[in-house]
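Tertiary structure, described
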Amino acid sequence: MQSPGKDARPVGSAAPYERHRPETTRLYQLVEAHYPVFVAQLATRGTPLPEYVQREFTDYLRCGRLEHGFLRVRCESCHAERLVAFSCKRRGFCPSCGARRMAESAALLVDEVLPAVPMRQWVLSFPFPLRFLFASRPKIMGKVLAIVYRVLATHLIHKAGFTHATARTGAVTLIQRFGGALNLNVHFHMLLLDGVYVDSPAGPRFRWVKAPSSAELRQLSHTIAHRVGRFLECQGLLVRDDESAQLTLNAPDDDDPMHTLIGHSITYRIATGPRQGRKVLTLQTLPAINEPPDIGVGNVSGFSLHAGVAAKANERHKLERLCRYIARPAVSEKRLSLTAHGQVRYSLKTPWHDGTTHVIFEPLDFIARLAALVPKPRVNLTRYHGVLAPNSKYRALITPAQRGKGRKPQTSDSPADRTPIERHAAMTWAQRLKRVFNIDITTCQDCGGAMKVIACIEDPDVIQKILTHLQLNTETTASRALPEPRAPPISDLFDTL
């Protein structure tokens, strides 16, 4: 199923289905034109891309393309047909699949996981060396995340006036791997309960905890930095200098070809070409005269902890918007453009403190940025902690999916009697498309009749015959030029003046 890269409409009837045409987008055309050159260049250096990264690019170029397979959907009343292309379902940089995953993940968390209590977002970013370490060693990142959660959970429990024996909290962490400038930036977005659960005869009762102060955030950042540094030093990943007492990252021994791409992406440097190692070009405007102080942020030794966004128990729509924000795709096609000289220009959502509004890449360096964003296979980027962990005995008592139903969902013949988790598991792909994007592919646009999948077409010969008959053969790369370059919007450049 091809996932359209647009948000669901908040009101009104479902939108008619329109096939997403990725070959017309600027990102697709850049990858199609420059990825083969980038791969050939790395091959000549003897540093080919890992197989999982090559698979990410290959599947992206097949995503949403009818010539690589599709479903035939027919109306049972008027027999009108439509074709639905397959999606790549990758996690790196595909905007379409990323948008589908963003909307569905947010709906799943709000409907089935997060209890109806106040929630707070805690965002923790790390120094450059640790970002490199977490990108290349995901298992170490998981252990560091456990340390961070224990620090924050202990703070909440003690602030509420309890101990670990009498109270407990929980969280869902979404690990983001990208920054606003297409740079690799591994950091944690943690949705923590804004309080703790305590036992009572009637079941777990929630106790709200006041928002953290700036002093508390600085103290928490210091504690996290100290414990993470001590852990990594014990693992032999950080080395202490006897003279300066500073910790430095122990360089990895293996010759992973991704290390160069990852390192340059993290430090905002050019990864390939004659200007390799230099800073990425930027467009700047005048910075703001009076920069507001960092209120609500704890900064210690490169560790930055922020906890300024929260949602009340009755603000489920705000919570879903927050979940969508932290689960958003890495690349925004709306912010992507070309310069008059064929360079790739990417606008920042928010200008930096120095007035930077855009970053400029050579096409091959842009492909290198995309490659660095691809996560290693079998790395879970969503983690559950405390009372929200799958093996917690409290999860069945507080989560919307199982509250009042016991730990195991009970089966029922009536859809109205099913739990939310049973209804989610029973949803068809068409129902998910309507739930996530408010697009109804099950209803005929011509007569309003029911649409039904009649075939899954994957044979290349059959695909070619059908597309030729319907005159849907796509253009070749040579006959399809890149979109005309355009200047950055004036409002983006001068809003901060």
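Here, every reference points to the structure presented above.
Here's what I pulled together on the structure shown here. (Residues numbered from 1 in each chain as written. Predicted model: local features only at pLDDT ≥ 70, side-chain atom pairs only at ≥ 80, totals over all residues. Heavy atoms only, no water.)

**So, the overall build of the protein chain**
Summing up its helical and strand segments, the protein chain has 14 helices and 20 strands in all. Among the 497 residues that make up the protein chain, the fraction classed as buried is 48%. Taking the contacts inside the protein chain whose residues are at least 6 apart along the sequence as the reference set, 71% of them involve residues at least 24 apart. Here the protein chain has roughly 24,800 Å² of accessible surface; of this, 53% comes from carbon and sulfur atoms. (Helix = DSSP H or I, 4+ residues; strand = E, 2+ residues; numbered from the N terminus. Buried < 20%, exposed > 50% of the residue type's maximum accessible area, 1.4 Å probe, protein only. Contact = heavy atoms within 4.5 Å. Areas by Shrake-Rupley, 256 points an atom, 1.4 Å probe, with all protein chains shown as cover.)

**Concerning the nonpolar core**
By size, the foremost hydrophobic cluster in this structure holds 90 residues, and its most contacted members are Leu232 and Phe366. The biggest single contributor to this core is helix H5 (residues 138-159), with twelve residues. Setting aside residues no more than four positions away along its own chain, Leu232 makes contact with Leu130, Leu133, Ile140, Val144, Leu237 and Leu238. Met119, Tyr197, Cys323 and Ile326 belong to the second-largest nonpolar core, a separate cluster that totals 23 residues. (Core = buried A, V, L, I, M, F, W, Y, C linked by side-chain atoms within 4.5 Å.)

**Some thoughts on the sheet that holds strand E9 (residues 205-208)**
The strands that make up a sheet are held in pairs by hydrogen bonds between backbone atoms, and each pair lies either parallel or antiparallel. The three strands are arranged E5-E8-E9 in an open sheet whose pairing can be described as antiparallel. Edge positions in the sheet fall to strand E5 (167-168) and E9, since each has one partner strand and no second. Note that strand E8 (residues 195-198) and E9 share four bridges and pair antiparallel. Bridge pairing links Val198 to Arg205 in E9. (Pairing = 2+ DSSP bridges.)

**Describing the environment of His259**
By the secondary structure assignment, His259 is in helix H7 (residues 258-266). In sequence terms His259 and Ser136 are 123 residues apart; their C-alpha atoms lie 7.5 Å from each other.

**A short note on the packing of H5 against helix H6 (residues 214-234)**
Across the interface, H5 lies against H6 with an axial gap of 10 Å and an inter-helix angle of 145°. Read as a crossing pair, H5 and H6 show a hand that is right-handed. Touching Ile140, Lys143, Val144, Ile147, Val148, Val151, Leu152, His155 and Lys159 of H5 are Glu216, Leu220, Thr223, Ile224, Arg227, Val228, Phe231 and Leu232, all from H6. The residue inventory of the contact of H5 with H6, partitioned by class, reads eleven nonpolar, two polar and four charged. (Axes fitted to C-alpha atoms, helices over the stretch in contact; angles between N-to-C directions. Left-handed = near helix turned anticlockwise from the far one by under 90°. Nonpolar A, V, L, I, M, F, W, Y, C, P; charged D, E, K, R; others polar.)

**Looking at the sheet that holds strand E12 (residues 281-284)**
Strands sit in the order E12-E17-E16-E15 across an open sheet of four strands; the sheet is antiparallel. Every other strand in the sheet has two partners, leaving E12 and strand E15 (336-338) as the edge strands with one partner each. Put simply, the sheet's adjacent strands are angled 30° from each other on average, direction ignored. Note: strand E16 (residues 344-347) against strand E17 (residues 356-361), four bridges, orientation antiparallel.

**A few points about helix H4 (residues 128-136)**
Among the nine residues of H4, seven are classified as buried, and the element is accordingly described as predominantly covered. Inspection of H4 places Leu130, Arg131, Phe132, Leu133, Phe134, Ala135 and Ser136 among the buried residues, and these make up the whole buried set.

**Section: the environment of Lys139**
Note that Lys139 resides in helix H5. On the basis of relative accessibility, which here comes to 74%, the residue Lys139 falls in the exposed class. Between the C-alpha atoms of Lys139 and Val379, which are 240 residues apart in sequence, the distance is 8.5 Å.

**Digging into the packing of helix H1 (residues 26-45) against helix H9 (residues 363-372)**
Relative to each other, H1 and H9 sit at 90°, their axes nearing to 9 Å. As summarised for this structure, H1 and H9 are arranged roughly perpendicular, according to the angle between their axes. Judged by residue contacts, Leu27, Leu30, Val31, His34, Tyr35, Val37, Phe38 and Gln41 of H1 engage Pro363, Leu364, Phe366, Ile367, Ala368 and Leu370 from H9. (Parallel < 35°, antiparallel > 145°, perpendicular 65-115°, else oblique.)

**Some words on unusual backbone geometry**
Glycine aside, a negative phi is what most residues show, and trans is what most peptide bonds show. Positive phi, close to 65°, is recorded for His79, a residue that is not glycine. Here the phi dihedral of Tyr268 falls at roughly 60°; this positive angle occurs in a residue that is not glycine. Within the fold, Tyr268 resides in the loop between H7 and E12. Overall, the relative accessible area of 24% leaves Tyr268 in the partly exposed class.

**Notes on the pattern of salt bridges**
A complete count under the given rule lists ten salt bridges for this structure. Here Glu23 and Arg65 are joined by a salt bridge, their closest N and O atoms 3.4 Å apart. Of this pair, Glu23 sits in the loop between strand E1 (15-16) and H1 while Arg65 is found in the loop between helix H2 (51-62) and strand E2 (70-75), placing the two residues 42 residues apart along the sequence. Arg65 shares its class with Glu23; the two are buried. With a closest N to O distance of 2.7 Å, Arg90 and Asp59 form a salt bridge. With Arg90 in the loop between strand E3 (81-85) and helix H3 (95-113) and Asp59 in helix H2, this residue pair connects regions lying 31 residues apart in the sequence. Sharing partners across several salt bridges, the network here consists of Glu23, Arg65 and Glu67. (Salt bridge = Lys/Arg side-chain N within 4 Å of Asp/Glu carboxyl O.)

**Regarding the pairing of E2**
Two elements, E2 and E3, share five bridges in a ladder whose sense is antiparallel. In the sheet register, Arg72 faces E3, and the bridge partner there is Leu83. From the end of E2 to the start of E3, which pair antiparallel, there are five residues, and His79 there has a positive phi angle of about 65°. As judged from the six bridges shared by E2 and strand E20 (residues 451-457), these two strands associate in the antiparallel manner. Bridging across to E20, Leu71 finds its partner in Cys456.

**Some details on the environment of Ala372**
Position of Ala372 relative to the elements: it lies in helix H9. By relative accessible area, Ala372 is classed as buried at 1%. Counting along the chain gives 190 residues from Ala372 to Leu182, while the straight-line C-alpha distance between them is 9.3 Å. Excluding residues that lie within four positions of it along the chain, Ala372 makes contacts with Arg177, Leu184, Met258, Leu261, Ile262 and Ser265.

Shape descriptors only; they carry no functional weight alone.
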